[in-house]
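Observations on chain architecture
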Amino acid sequence: MRKVIGIGETVLDIIFKNDQPTAAVPGGSVFNALISLGRSGVKAAFISETGNDRVGRTIINFLKENGVDGQSVYVYPDSKSPISLAFLNERNDAEYIFYKDHPNDRLEFTFPDIQPDDIVLFGSYYAVNPVIRPQVMGFLDYARQHGAILYYDVNFRAAHKNEVMKLTPNILENLEFADIVRGSTEDFEVMFRKSDPDAIYRSQIAFYTRNFICTQGALPVELRADGGLKKQYPVETSGETVSTIGAGDNFNAGFAYGLIKHNIRRADIEQGLSEEQWDQVIGCAQQFSANVCKSINNYVSPEFGREMASLITQQ
């Protein structure tokens, strides 16, 4: 069975509403996606780091409980695990403050097994952090050589705006590695001072990869792809939005799920996906994203996961 391998940060998300804490859940962009995939019957593995403390143990146990292989999570013996404070506004969108205890990280992990057509998820500051850049680059190169599909979620927060110039070479290298790039208009406003999907695609993306998905909150998802394909997908809304914290992460999870469910392989992406194939995988991405917005958690509900697992095992 094909699998999804993610590389990214782990944090404990403490979520505030009206300036009062309402929940504390294990998080991290790629982490959230992999938990949802594990719940949905997809074989998944995670490469990361955490501190040697109660939060770190909680995160590693949470991976196991949700069917995600956490053997490549490195535990720093003398460090505390990172914490994120997420403040929800009246629209239930989040503003973040991050706290991290180990600034001199030297990520250590053994490369997991990667087979052709496996999917690698990478992104956020973790994917451009200069301190661990050699290890991340080495892994992406290894994954590409082994025939994996590389999916890059830019996810560049305003908190790192003052580092854009320094990090641009790493961002461009990531775009070059990627088969598919997703980012939000907020990401590109921070990085390139552009928010129009066409302008972003023409000036920043198309030279590196032809497959670009731009999300815009409640506005339609924009697709630009091989063969000049240009399409909008209205955002699905179903019921009350409780939190949008995991919306983008679970869009990524649903997209990876869709690639496996619809048997889309690296050769198909290289040849250029049909409009129908894009419709299928983006449909899955939107299903996952809509489900996660219904709760305070960062991942799809166990019930939704079981439903998705039953569909993928019927193939």
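What counts as what
Here the residue numbering is sequential within each chain, running from 1 through the sequence in written order. This being a predicted model, a pLDDT of at least 70 is required before a residue's local features are given, and a value of 80 or more before pairs of side-chain atoms are given or counted; all residues contribute to the totals for chains, interfaces and linings. Calculation of side-chain values draws on the structure's entire complement of heavy atoms; hydrogens and water are dropped beforehand. Here a helix means four or more residues in a row that DSSP labels H or I, a strand means two or more in a row labelled E, and each is numbered from the N terminus. Computation of the radius of gyration draws on C-alpha atoms alone. For the globule rule, the value is 2.2 Å times the number of residues to the power 0.38. Accessible area is worked out with a 1.4 Å probe on protein chains only. A residue is then buried under 20% of its type maximum, exposed over 50%, and partly exposed in between. In what follows, residue pairs with any heavy atoms lying within 4.5 Å of each other are defined as contacts. Using the Shrake-Rupley algorithm and a 1.4 Å probe, accessible areas are obtained, with residue cover drawn only from the displayed protein chains. To get an axis, a line is fitted to the C-alpha atoms, and for a helix only the part in contact is used. The angle between two axes follows their N-to-C directions and goes from 0 to 180 degrees. Under this scheme an angle from 65 to 115 degrees is roughly perpendicular, one under 35 degrees roughly parallel, and one over 145 degrees roughly antiparallel; angles in between are oblique. Residues are grouped as follows: Ala, Val, Leu, Ile, Met, Phe, Trp, Tyr, Cys and Pro are nonpolar; Asp, Glu, Lys and Arg are charged; all remaining types, including Gly, are polar. Note: two strands are recorded as paired if DSSP finds a minimum of 2 bridges between them.

This paragraph deals with the overall build of the protein. For the protein, the helix and strand inventory stands at 10 helices and 13 strands. For a compact globule of 315 residues, the expected C-alpha radius of gyration is about 20 Å, and the protein comes in at 18 Å, within 12% of that figure. The principal-axis extent of the C-alpha atoms belonging to the protein is close to 50 × 45 × 45 Å. Buried positions account for 57% of the 315 residues belonging to the protein. Residue pairs at least 24 apart in sequence account for 73% of intrachain contacts in the protein once pairs closer than 6 positions are excluded. About 13700 Å² of surface is accessible on the protein, with carbon and sulfur atoms providing 50% of the total.

Attention shifts here to the packing of helix 1 (residues 29-39) against helix 2 (residues 54-65). For any two helices packed against each other, one specifies the crossing angle of their axes together with the interaxial distance. The N-to-C vectors of helix 1 and helix 2 enclose an angle of 30°; their axes lie 9 Å apart at closest approach. The pairing of helix 1 with helix 2 is recorded here as roughly parallel in orientation. On helix 2, the residues touching Phe31, Ile35 and Arg39 of helix 1 are Ile59, Phe62 and Leu63. Classifying every residue of the contact of helix 1 with helix 2 gives 5 nonpolar, no polar and 1 charged.

In this section: the sheet that holds strand 3 (residues 20-27). A sheet is described by the order of its strands in space; here 4 strands give the open sequence 3-2-6-7, paired in mixed fashion. The open sheet has two free edges, formed respectively by strand 3 and strand 7 (94-99), since each of these has just one partner strand. Strand-to-strand twist across the sheet, computed as the mean angle between neighbouring axes with direction ignored, equals 20°. As paired elements, strand 6 (residues 83-88) and strand 7 share 6 bridges and run antiparallel to each other. By the bridge assignment, Phe87 is partnered in strand 7 with Glu95.

The next thing to look at is the pairing of strand 2 (residues 11-17). Taking burial as the measure, the 7 residues of strand 2 include 5 buried ones, the bulk of the element. Bridge count between strand 2 and strand 3: 7 bridges; the pairing is antiparallel. Note on strand 3: the bridge partner recorded for Ile15 is Ala23. Taking the residues between adjacent antiparallel strands as the criterion, strand 2 and strand 3 are bridged by 2 residues, where Asn18 takes a positive phi near 55°. As paired elements, strand 2 and strand 6 share 6 bridges and run parallel to each other. Directly across from Asp13, in strand 6, lies its bridge partner Ser84.

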